[in-house]
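The primary structure of each chain is shown beneath.
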Amino acid sequence: LNQRISLHLNGSRSKTDYKGGQPVILQVRESDEKEVDGGVSVRIGRKIVLSLDGTHIDRQADLPQFNFSSNQVTLGLTSAF
């Protein structure tokens, strides 16, 4: 946005098919994963940066016991010396 404030936003999706051979018990054959992350950082003074980032991951597999959803938040404080 400017020299003091910056934003970022990313997203990805992957679909994987594990084909071939005989499936083993509890073997994932298909997986669909979506990930979205973003954040903001603010420069405080000349040497300090405060940042806040978040990530959401959602995975759907053909076996329900391997499905998951994850939310992560990170708060960071960095300084140069």
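Below: a short report on this structure.

Criteria and cut-off values
Residues numbered from 1 in each chain as written. Predicted model: local features only at pLDDT ≥ 70, side-chain atom pairs only at ≥ 80, totals over all residues. Heavy atoms only, no water. Pairing = 2+ DSSP bridges. Helix = DSSP H or I, 4+ residues; strand = E, 2+ residues; numbered from the N terminus. Axes fitted to C-alpha atoms, helices over the stretch in contact; angles between N-to-C directions. Patch = residues over 30% accessible without salt bridge, like charges linked within 9 Å, V, L, I, M, F, W, Y side chains within 5 Å. Areas by Shrake-Rupley, 256 points an atom, 1.4 Å probe, with all protein chains shown as cover. Salt bridge = Lys/Arg side-chain N within 4 Å of Asp/Glu carboxyl O. Buried < 20%, exposed > 50% of the residue type's maximum accessible area, 1.4 Å probe, protein only. Polar contact = N/O pair within 3.5 Å; in protein donor to acceptor, adjacent residues only side chain to side chain.

### Here's the deal with the sheet that holds strand S2 (residues 30-44)
Now for step 1: Spatially, four strands are ordered S1-S2-S3-S4 in an open sheet, and the strand pairing comes out antiparallel. The open sheet has two edge strands with one neighbour each: strand S1 (5-17) and strand S4 (68-79). Here the average twist between neighbouring strands, direction ignored, is 10°.
Now for step 2: Bridging between strand S3 (residues 48-61) and S4 involves 12 bridges; their strand directions are antiparallel. Residue pairing for S4: aspartate 53 is matched across the bridge by threonine 74.

### Here we look at a nonpolar patch on the surface
Now for step 1: Side chains of Ile5, Val42, Ile44, Ile48, Leu50, Leu52, Val73, Leu75 and Leu77 sit close together on the surface and give an oily, nonpolar patch of about 800 Å² of accessible area.
Now for step 2: Contributing elements (two or more residues each) for the nonpolar patch: S2, S3 and S4.
Now for step 3: Mapped onto the fold, isoleucine 44 is located in strand S2.

### A short note on the side chain of aspartate 32
Now for step 1: With respect to the helices, strands and loops of the structure, aspartate 32 is situated in strand S2.
Now for step 2: On the basis of relative accessible area, aspartate 32 is assigned to the buried category, the value being 14%.
Now for step 3: A polar contact is formed between the side chain of aspartate 32 and the side chain of arginine 13, at a distance of 2.9 Å.

### Some remarks on the pattern of salt bridges
Now for step 1: The full count for this structure, using the stated rule, is one salt bridge.
Now for step 2: Note that aspartate 32 and arginine 13 form a salt bridge whose closest N and O atoms lie 2.9 Å from each other. Taken together, the residues aspartate 32 in strand S2 and arginine 13 in strand S1 connect sequence positions 19 residues apart.
Now for step 3: Taking the relative accessible area as the measure of exposure, arginine 13 reaches 58% and is therefore exposed.

### A closer look at the environment of leucine 77
Now for step 1: By the element assignment, leucine 77 lies in strand S4.
Now for step 2: Residue class for leucine 77 comes out exposed when judged on its relative accessible area of 63%.
Now for step 3: Note: C-alpha distance between leucine 77 and glycine 39 (38 residues apart in sequence) is 13 Å.

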